[in-house]
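# Architecture and fold: a report
One letter stands for each residue in the lines below.
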Amino acid sequence: MQKASPMNALVENNAHVNARHLDALESEAIHIMREVAAECSNPALLFSGGKDSVVLLRIAEKAFRPGKFPFPLVHVDTGHNFPEVITFRDKRVAELGERLIVGSVEESIRKGTVRLRNPQTDSRNAAQAVTLLETIAEHGFDACIGGARRDEEKARAKERIFSFRDEFGQWDPKSQRPELWDLYNTRVHPGENMRVFPISNWTELDVWQYIAREKLELPPIYFAHEREVIPRNGLLVPLTDLTPPREGETVEKQVVRFRTVGDISCTCPVSSDAVTLEQIIAETAITQVTERGATRMDDQTSEASMEIRKKAGYF
């Protein structure tokens, strides 16, 4: 019998280690999601159609199938989402046969609880916080499960897995509850709630490797495609009615993909020719810029941008 080469043995060992790593992350996430279902009286799972929330849906399937999810799915729709993502969201919800609740920023604007200088073109990303709080209050949710990860940016890294929010929906990073030995304090008073992040300990690379392992479907804009973009401040702004070129700017056709999806007015693709999950994983493994740092215009205004929004009720 021919002996395996040292290189083949190394590859096989790395694959085994990675499989165990993903198994451990998955097991932790399942435990957290079941903890939410057991300890919280009226939770919800935030589902946007993005890659992190797609992973959360698979975790929920493994935690609760063949039964129905013990919570509805919730999406805060800015009205300025990429149409490919909304189409995928609705398709995935129909496949699962679960209930979807949509909170509308458009409706918040009509009610006057969200005010923008130009409702047609201004970014609605930060305005999602108001609509989310209104949706939580309307349905009486005491916990919202989200797909935030600690490697996204600095404010995320400060947050606990079970993140307490006061009666105004605010997060105080100085008053967080300890989480020792996987024990979580889920106690809330009326009007208060928790934000829960089962994949907080995952990295962007972990997410992509898990998507590949589980063969999960994604919106097509996550993969390389040709798109008209506007080079601006080191980013590639997608050309849309909401993001037209400014005076003196040029429009170029480039092959790009999105690392994250969100409000069109602030979400940018990156230059890439990765058309398969394997190619995306290879790109992600060597990148040195976080996905938000590389793709979100509103996060470039200040290093504290996310923390300020989270204190006001953002995800």
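An account of the accompanying structure is given in this report. (Residues numbered from 1 in each chain as written. Predicted model: local features only at pLDDT ≥ 70, side-chain atom pairs only at ≥ 80, totals over all residues. Heavy atoms only, no water.)

### Observations concerning the overall build of the protein
How we decide: The helix count covers DSSP runs of H or I at least four residues long, the strand count covers runs of E at least two residues long, and both are numbered beginning at the N terminus. Here's how the labels work: a residue is buried when its accessible area is under 20% of the maximum for its type, exposed when over 50%, partly exposed in between, all with a 1.4 Å probe on protein chains only. A contact between two residues is defined here by any heavy atoms of the two lying within 4.5 Å. Each accessible area is a Shrake-Rupley estimate made with a 1.4 Å probe; only the visible protein chains count as cover when residues are assessed.
Scanning the protein from terminus to terminus reveals 10 helices and 10 strands. Put simply, the protein has 315 residues, and 51% of those count as buried. Considering only intrachain contacts with a sequence separation of at least 6, the fraction spanning at least 24 residues in the protein is 74%. Put simply, the protein shows about 15,300 Å² of open surface, and 53% of that area lies on carbon and sulfur atoms.

### Some points on the sheet that holds strand 6 (residues 193-196)
Stated formally: Strands are labelled as partners when DSSP assigns at least two bridges between them. Orientation is described by lines fitted to C-alpha atoms, with helices fitted over the stretch in contact, and by angles between N-to-C directions that extend from 0 to 180 degrees.
Pairing is mixed in the open sheet, where six strands are placed in the order 3-2-1-4-6-5. Unpaired on one side and paired on the other, strand 3 (100-104) and strand 5 (162-165) mark the two borders of the sheet. Between one strand axis and the next, the sheet turns by 30 degrees as a mean value, whatever way the strands run. Bridging between strand 4 (residues 143-145) and strand 6 involves three bridges; their strand directions are parallel.

### A few points about the packing of helix 7 (residues 204-214) against helix 8 (residues 277-286)
Here is the rule we go by: The cut-offs work like this: below 35 degrees is roughly parallel, past 145 is roughly antiparallel, 65 to 115 is roughly perpendicular, and the gaps in between are oblique. The handedness criterion is simple: a crossing whose near helix is rotated anticlockwise from the far helix by less than a right angle is left-handed, and one whose near helix is rotated clockwise is right-handed. Residue polarity is assigned by list, with Asp, Glu, Lys and Arg as charged and Ala, Val, Leu, Ile, Met, Phe, Trp, Tyr, Cys and Pro as nonpolar; anything else, Gly included, falls into the polar class.
Interaxial distance between helix 7 and helix 8 falls to 9 Å at its minimum, and their mutual angle equals 165 degrees. Between helix 7 and helix 8, the angle is such that the two are roughly antiparallel. The interaxial crossing formed by helix 7 with helix 8 has left-handed handedness. Packed against helix 7, whose contacting residues are Glu204, Leu205, Trp208, Gln209, Ile211 and Ala212, the element helix 8 presents Leu277, Ile280, Ile281, Thr284 and Ala285 at the interface. Here the residues of the contact of helix 7 with helix 8 are counted per class, giving eight nonpolar, two polar and one charged.

### Brief notes about helix 8
Rules: Note: the arc covers the axis-to-C-beta directions of the helix.
Listed as buried for helix 8 are Leu277, Ile280, Ile281 and Thr284. Each buried residue of helix 8 sits inside an arc of 100 degrees when the element is viewed along its axis, so together they form one side. Counted as exposed and oriented over 90 degrees from the buried face of helix 8: Glu278 and Ile286.

### Considerations on the sheet that holds strand 10 (residues 270-271)
Note: strands within a sheet are paired through backbone hydrogen bonds, in either parallel or antiparallel orientation. If you trace the four strands from one edge of the open sheet to the other, you get 8-7-9-10, paired in antiparallel fashion. The strands lining the two open edges of the sheet, one partner per strand, are strand 8 (235-238) and strand 10. Here strand 7 (residues 225-232) runs beside strand 9 (residues 252-257); their pairing, made up of five bridges, is antiparallel. Looking at strand 9, one finds that His225 is bridged to Val256.

### Some details on the packing of aromatic side chains
Any two aromatic rings considered together are summarised by their centre-to-centre distance and by the angle between their planes. Cut-off, in case you're wondering: Stacked, edge-to-face and tilted labels apply to pairs of Phe, Tyr and Trp rings (six-membered ring for Trp) whose centres lie within 6.5 Å, assigned for plane angles under 30 degrees, over 60, and everything in between, in that order.
Applying the stated criterion across every chain, the model contains six aromatic pairs. Where Phe69 meets Phe71, the ring centres are 5.9 Å apart and the plane angle is 50 degrees; that geometry is what we call tilted. As far as burial versus exposure is concerned, Phe69 and Phe71 are alike and both buried. A ring pair is formed by Trp208 and Tyr222, whose centres lie 5.7 Å apart and whose planes are at 80 degrees; its orientation type is edge-to-face.

### Notes on the packing of helix 2 (residues 51-64) against helix 3 (residues 83-96)
Contact pair helix 2 / helix 3: the axes reach a minimum separation of 12 Å and the direction vectors enclose 5 degrees. Classified by the angle their axes make, helix 2 and helix 3 are roughly parallel. For the pair formed by helix 2 and helix 3, the contact residues are Val54, Leu57 and Glu61 on the first element and Phe88, Arg92 and Leu96 on the second. Classifying every residue of the contact of helix 2 with helix 3 gives four nonpolar, no polar and two charged.

### Let's talk about the nonpolar core
Rule in force here: Definition of nonpolar core: a set of buried residues of the types Ala, Val, Leu, Ile, Met, Phe, Trp, Tyr and Cys, connected through side-chain atoms within 4.5 Å.
Ranked by size, the top nonpolar core spans 51 residues in total, and within it Met33, Leu45, Val55 and Trp202 carry the most contacts. For this core, the secondary structure elements donating two or more residues are helix 1 (6-39), helix 2, helix 3, strand 4, strand 6, helix 7 and helix 8. When residues of this core are assigned to their parent elements, the largest contribution, eight residues, is made by helix 2. Contact partners of Val55, with chain neighbours within four places excluded, come to Ile199, Trp202, Val207, Tyr210, Ile211 and Leu216. Core analysis: the next-biggest nonpolar cluster, separate from the first, contains 13 residues, Ala44, Ile109, Leu132 and Phe141 among them.

### Description of the pattern of salt bridges
The condition is simple: The salt bridge definition used is simple: a Lys or Arg side-chain nitrogen within 4 Å of an Asp or Glu carboxyl oxygen.
Under the definition given, this model contains 22 salt bridges. Taking the shortest distance from any N to any O, the salt bridge between Glu217 and Lys91 comes out at 2.9 Å. Pair noted here: Glu217 is in the loop between helix 7 and strand 7 and Lys91 is in helix 3, with a separation of 126 residues, a long-range link. Look at Lys91 and you get partly exposed, because its relative accessible area is 36%. Arg257 is paired through a salt bridge with Glu283; the nearest N and O atoms lie 3.0 Å apart.

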